[in-house]
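# Reading the structure
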Amino acid sequence: MPSVSQVIAEPSIGEVRAARVLGRTVAARFYRSYVRRLPLRGDERVLDFGAGPGLLARHLARRLSQLGGRVVCLDISERWSHAARRALRRRDNVSFRVGPVTDLPSQSFDAVVCHFALHEVRPEEREATVAAFARVLIPGGHVFVREPVGELHGMPRDEIRASFAKADLNEEEDRTTWLPVIGRIFTATFRKPPAAEG
């Protein structure tokens, strides 16, 4: 099976610096409020798919630190992963992987967070990526998705739903909102069916 990758070039030093500043200032509330709304107990093992410089992982790590939860930051970019390691070096409940999600072991996460990352995956690889989400989740685990779905930026909402349905991940809730500059955003929760009893 071909490896799944995201369509991104390694970021420039300027992009990394800009992300760091935005993540600590303007965008901090954007990430923090999203993480606060996630239905997490605090003891989960969570995959941050397409973690970039760790802007979301910072808030996930804080949320999970009270009850022993862990965050694994996954990105295909060495430079973004390095930036995330640097930003989160004081967090002992965060680890880092560079590579595609298809390389991760089966049933190794309670939850996957896909925040503004799926639309960066090559269109022909998106279904395989979502299928990998399903594979790495434990039965009953969740995928939390937030993606831009505007015509000029993002991917169609129906395509997201179809990919998750094909992977047998059941949509539990969704909403579409609008943000200045970004446009329409689709936020949804998908669940892997629990293991059959017997």
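Residues numbered from 1 in each chain as written. Predicted model: local features only at pLDDT ≥ 70, side-chain atom pairs only at ≥ 80, totals over all residues. Heavy atoms only, no water.

## Examining the side chain of Thr 189
One can find Thr 189 in strand 7 (residues 183–191). Judged by relative accessible area, which is 7%, Thr 189 ranks as buried. Ignoring sequence-local partners within four residues, the contact set of Thr 189 consists of His 142, Val 143, Phe 144, Asn 170, Glu 171, Glu 172 and Glu 173. (Helix = DSSP H or I, 4+ residues; strand = E, 2+ residues; numbered from the N terminus. Buried < 20%, exposed > 50% of the residue type's maximum accessible area, 1.4 Å probe, protein only. Contact = heavy atoms within 4.5 Å.)

## Some words on unusual backbone geometry
For Gln 107, which is not a glycine, the phi torsion comes out positive at approximately 50 degrees. Assignment of secondary structure puts Gln 107 in the loop between strand 3 (94–98) and strand 4 (109–115). Backbone geometry at Asp 168 places phi at a positive 60 degrees, although glycine is not the residue there. Within the element layout of this structure, Asp 168 appears in the loop between helix 6 (157–166) and strand 6 (170–179). Given the relative accessible area of 54%, Asp 168 is considered exposed.

## Topic: the confidence of the model for the chain
Reading fine detail from the predicted coordinates is not recommended where pLDDT is low. Taken residue by residue, the chain gives an average pLDDT of 90. The fraction at 70 or more is 93%. Scored below 50 in pLDDT, residues 1–8 makes 30 contacts in the model with residues more than four places away or belonging to other chains. (pLDDT = per-residue confidence, 0-100.)

## A closer look at the pairing of strand 2 (residues 70–75)
For strand 2, the tally of buried residues reaches 5 of 6 residues, placing the bulk of the element in the interior. Here strand 1 (residues 45–49) pairs with strand 2 via 5 bridges, running parallel. The residue of strand 2 that forms the bridge with Arg 45 is Arg 70. In terms of handedness, the path from strand 1 via helix 3 (residues 55–64) over to strand 2 forms a crossover that is right-handed. Across 5 bridges, strand 2 lies against strand 3 in parallel orientation. Counterpart to Asp 75 in the pairing with strand 3 is Val 98. The parallel pair strand 2 and strand 3 is bridged by helix 4 (residues 78–87), and the resulting crossover is right-handed. (Pairing = 2+ DSSP bridges. Right-handed = clockwise from strand over helix to strand, strands pointing away.)

## Digging into the sheet that holds strand 2
Ordered by their spatial adjacency, 7 strands build an open sheet running 3-2-1-4-5-7-6, and the pairing between neighbours is mixed. Of all the strands in the sheet, the pair left with one neighbour each is strand 3 and strand 6. Shown here is a sheet whose adjacent strand axes are inclined to one another by a mean of 15 degrees, direction ignored. Here strand 4 runs beside strand 5 (residues 137–148); their pairing, made up of 6 bridges, is parallel. Note that in strand 5 the partner of Cys 114 across the bridge is Val 145. (Axes fitted to C-alpha atoms, helices over the stretch in contact; angles between N-to-C directions.)

## Regarding the packing of helix 5 (residues 126–136) against helix 6
In the contact formed by helix 5 and helix 6, the axes pass within 8 Å of each other and the chain directions differ by 50 degrees. Classified by the angle their axes make, helix 5 and helix 6 are oblique. For helix 5 against helix 6, the interelement crossing comes out right-handed. Residues Arg 126, Glu 127, Val 130 and Phe 133 of helix 5 lie in contact with helix 6, whose contacting residues are Glu 159, Ser 163, Phe 164 and Lys 166. Taken together, the residues of the contact of helix 5 with helix 6 break down into 3 nonpolar, 1 polar and 4 charged. (Parallel < 35°, antiparallel > 145°, perpendicular 65-115°, else oblique. Left-handed = near helix turned anticlockwise from the far one by under 90°. Nonpolar A, V, L, I, M, F, W, Y, C, P; charged D, E, K, R; others polar.)

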